[in-house]
Amino acid sequence: MTKTIHVAGAVIRNQDGYVLCALRSRTMSMPGLWEFPGGKLEAEETAEQCLVREIEEELGCIIQVGRLIADVVHEYPTIRVRLVTYESSLASGTPAAREHERLIWLPVNRLTELEWAPADLPTVDALITMI
Ligand SMILES: Nc1nc2c([nH]c(=O)n2[C@H]2C[C@H](O)[C@@H](COP(=O)(O)OP(=O)(O)OP(=O)(O)O)O2)c(=O)[nH]1
């Protein structure tokens, strides 16, 4: 049976309500797809703790984590990912692409212009429904 990887993603919004979108780089798995920055949960860690840790490592800023947006399981060809996404806002610092290829801020109604990692599509749909 395929192991399930538990991953958390942050939907970071700025003061205009724009969402931070991160492009996975060539050194990452699934290069060239857009995602909500975050990563794998460590043992004994909550999704909120994971997100604060991962975003500090990957983007060099501190976020405040809010409510759950989506909790989905997606079957990729070789792995199964459980992705939980959370509303977040910046508490301090400015996001920088330390590991990602690129970061962009987009209004929710333009999110569908990007090619997202398939597990992220329910989150994109949920954000659009909330507009
Ligand atoms: N961080 C993040 N990962 C996502 C998203 N959607 C999605 O399918 N994933 C997948 C990609 C990876 O297989 C896994 C997250 O692992 P990670 O962020 O630690 O990525 P990684 O490059 O270290 O993964 P790996 O190469 O070590 O397997 O979940 C998302 O929105 N954010």
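Procedures and definitions
- Residues numbered from 1 in each chain as written.
- Predicted model: local features only at pLDDT ≥ 70, side-chain atom pairs only at ≥ 80, totals over all residues.
- Helix = DSSP H or I, 4+ residues; strand = E, 2+ residues; numbered from the N terminus.
- Rg over C-alpha atoms; globule rule 2.2 N^0.38 Å.
- Buried ≥ 20, exposed ≤ 12 C-beta atoms within 10 Å, placed from the backbone.
- Contact = placed C-beta atoms within 7 Å.
- Near = placed C-beta within 6 Å.
- Nonpolar A, V, L, I, M, F, W, Y, C, P; charged D, E, K, R; others polar.
- Expected span 1.5 Å × (residues − 1).
- UniProt positions renumbered as here; feature names shortened; annotations may be inferred.
- Pairing = 2+ DSSP bridges.

**Considering the overall build of the chain**
- Looking only at helices and strands, the chain has two helices and seven strands in total.
- Counting from the amino terminus, helix and strand elements in the chain follow one another as β-β-β-β-α-β-β-β-α.
- What you see for the chain is a C-alpha radius of gyration of 14 Å, in line with the 14 Å of a compact globule of 131 residues.
- Referenced to the eigenvectors of the C-alpha coordinate spread, the extents of the chain come out at roughly 45 × 30 × 30 Å.
- Out of the 131 residues belonging to the chain, those deemed buried represent 31%.
- Considering only contacts in the chain between residues 6 or more positions apart, those separated by 24 or more positions represent 68%.

**Details of the site of the ligand**
- What surrounds the ligand is a group of 16 residues, the closest being Gly-9, Ser-29, Glu-35, Gly-39 and Ala-119.
- For the shell around the ligand, the secondary-structure elements that each account for two or more residues are β1 (4-13), β4 (38-40) and β6 (80-92).
- Per-class residue counts for the shell around the ligand are nine nonpolar, four polar and three charged.

**A short note on helix α1 (residues 47-59)**
- With 13 residues, α1 should cover 18 Å at 1.5 Å per step; its first-to-last C-alpha distance of 17 Å lies within 8% of that length.
- Those residues of α1 hidden inside the fold are in contact with β1, β4, β5 (62-75) and β6.
- Gly-60 sits one or two residues past α1 and shows a positive phi near 70°.

**Regarding the UniProt feature "domain: Nudix hydrolase" (unreviewed entry) in the chain**
- Residues given the UniProt feature "domain: Nudix hydrolase" (unreviewed entry) here are residues 3-128.
- With 17% helix and 41% strand, the stretch residues 3-128 has end C-alpha atoms that lie 31 Å from each other.

**Here's the deal with the environment of Gln-64**
- Note on placement: Gln-64 falls in strand β5.
- Exposure remark for Gln-64: the 14 C-beta atoms within 10 Å place this residue in the partly exposed category.
- Between the alpha carbons of Gln-64 and Tyr-86 there is a distance of 10.0 Å; along the sequence they are 22 residues apart.
- Excluding residues within four positions of it along the chain, Gln-64 makes contact with Ser-88, Ser-89 and Ala-91.

**Topic: the pairing of β5**
- Looking at chain direction, β5 and β6 are connected through eleven bridges and run antiparallel. Residue pairing across strands places Asp-71 opposite Val-84, the latter belonging to β6.

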